[in-house]
Amino acid sequence: MTYLDYTDSDFYIAIKQLLLERGKKLELSRDNFLCHAGDISTKLGILVSGTLKYSIIATNSRERIISFAFNGDLVGNYSCMRNHAPSLLDIVATESSIIYQLPIEHIDAAIGLEHRLKLSEALCYQLLKSTINDYCQSPEERYLALN
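Quantities reported herein were computed from a predicted structural model and do not represent experimental measurements. Every chain begins its residue count from 1, and numbering advances along the sequence as written. Side-chain atom pairs in this predicted model are given and counted only at pLDDT of 80 or more, local residue features only at pLDDT of at least 70, and totals for whole chains, interfaces and linings cover all residues. Remark: hydrogens and water are excluded; side-chain values derive from all non-hydrogen atoms of the structure.

1. Focus: the overall build of the protein chain
Here is step 1: A tally of helices and strands in the protein chain yields five helices and eight strands.
Here is step 2: Along its sequence from the N terminus, the protein chain presents helices and strands in the succession α-β-β-β-β-β-β-α-β-β-α-α-α.
Here is step 3: For the exposure calls, accessible area comes from a 1.4 Å probe over protein chains only, and a residue counts as buried if that area is under 20% of its type's maximum, exposed if over 50%, partly exposed in between. Looking at the protein chain as a whole, 39% of its 147 residues qualify as buried.
Here is step 4: Surface accessibility in these figures is a Shrake-Rupley result with a 1.4 Å probe; residues are shielded only by whichever protein chains are displayed. Summed over all atoms, the accessible surface of the protein chain reaches about 8,600 Å², with 53% contributed by carbon and sulfur. Under the DSSP-based scheme used, a helix requires at least four consecutive residues in state H or I and a strand at least two consecutive residues in state E, with every element numbered from the N terminus.

2. Points about the nonpolar core
Here is step 1: For our purposes a nonpolar core is just a set of buried Ala, Val, Leu, Ile, Met, Phe, Trp, Tyr and Cys residues, chained together by side-chain atoms within 4.5 Å. Core analysis: the largest hydrophobic core is formed by 17 residues, its most contacted members being Ile15, Leu19, Leu44, Leu74, Ile107, Leu119 and Leu123.
Here is step 2: Put simply, the parts of the chain that give this core at least two residues each are α1 (10-22), β3 (43-49), α2 (78-82), α3 (104-111) and α4 (116-136).
Here is step 3: With five residues, α1 is the single largest residue contributor to this core.
Here is step 4: Discounting residues that sit within four places of it in the chain, Ile15 has contacts with Leu74, Ile107, Ile111 and Leu119. A contact between two residues is defined here by any heavy atoms of the two lying within 4.5 Å.

3. A look at the sheet that holds strand β5 (residues 63-69)
Here is step 1: In this scheme, strands are said to pair when DSSP sees at least two bridges between them. The four strands lie next to each other as β2-β7-β4-β5, forming an open sheet whose pairing is antiparallel. Here the strands that pair on one side only, and so sit at the sheet edges, are β2 (33-35) and β5. Across this sheet, the average inter-strand angle for adjacent strands is 30 degrees, counted without regard to direction.
Here is step 2: Sheet analysis places strand β4 (residues 52-57) next to β5, joined by six bridges and oriented antiparallel. Within β5, the residue paired with Lys53 across the bridge is Phe68. Note on definitions: angles span 0 to 180 degrees between N-to-C directions of axes, and those axes are lines fitted to C-alpha atoms, for helices only across the stretch in contact.

4. As for the environment of Lys25
Here is step 1: In this fold, Lys25 is placed in strand β1 (residues 24-28).
Here is step 2: Among the residues examined, Lys25 registers a relative accessible area of 42% and is labelled partly exposed.
Here is step 3: Residues Lys25 and Ile46 lie 21 residues apart in sequence; the distance between their C-alpha atoms is 9.8 Å.
Here is step 4: Beyond its immediate chain neighbours, meaning those up to four positions away, Lys25 contacts Ile98, Ile99 and Tyr100.

5. Regarding the sheet that holds β1
Here is step 1: Ordered in space as β1-β8-β3-β6, the four strands form an open sheet in which the pairing is antiparallel. Of all strands in the sheet, those with a lone pairing partner are β1 and β6 (74-75), marking the two edges.
Here is step 2: Taken together, the five bridges between β1 and strand β8 (residues 97-103) define a ladder with antiparallel strand orientation. Across the sheet, Lys25 pairs through a bridge with Tyr100, a residue of β8.
Here is step 3: On top of the sheet, α3 reaches β3 and β8; it is set at about 65 degrees to β8, its chief contact.

6. Some remarks on the packing of α1 against α3
Here is step 1: Where α1 meets α3, the axes come as close as 11 Å, and the angle between the chain directions of the two elements is 130 degrees. With respect to their mutual orientation, α1 and α3 come out oblique. Seen along the crossing, α1 lies across α3 with a hand that is right-handed. Mapping the contact onto sequence places Phe11, Ile15, Leu18, Leu19 and Arg22 in α1 and Ile107, Ala110 and Ile111 in α3. Between 65 and 115 degrees an angle is taken as roughly perpendicular, under 35 as roughly parallel, over 145 as roughly antiparallel, and anywhere else as oblique. By the definition used in this description, the sense in which the near helix is turned from the far one sets the handedness, with an anticlockwise turn below a right angle giving left-handed and a clockwise turn giving right-handed.

Without other data, these values stay purely geometric and don't point to any function.
See the structure below:
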């Protein structure tokens, strides 16, 4: 297995299944935040319906959209969780959304220490792929993809 196919791997699918089976359901209305920049995140989730936007307010006070998450994507600020650092991004629902999430300690207990690296690599790949997709589309194409 190569790095590029982690999101299709049995391991990645098992993480999603764990979140669906044991996760607590969270419903977000449009414009409600999963996380604000500066918050300490402790949960990872799977988005089962809706769309989330990852963004930040730039120095000129304008919102900069970094990426979007869609159905089936793992959501949260995993790298910040691992580094015990505040979230770098806002995560907000662009429409009514449903997420099943678990505290990172529960995920760690279920997958074991040896699988943390696999999870980190899979999430890094997911974010990179999504970000590249977003940069390859015009703002209009990105907006139309949300509908």
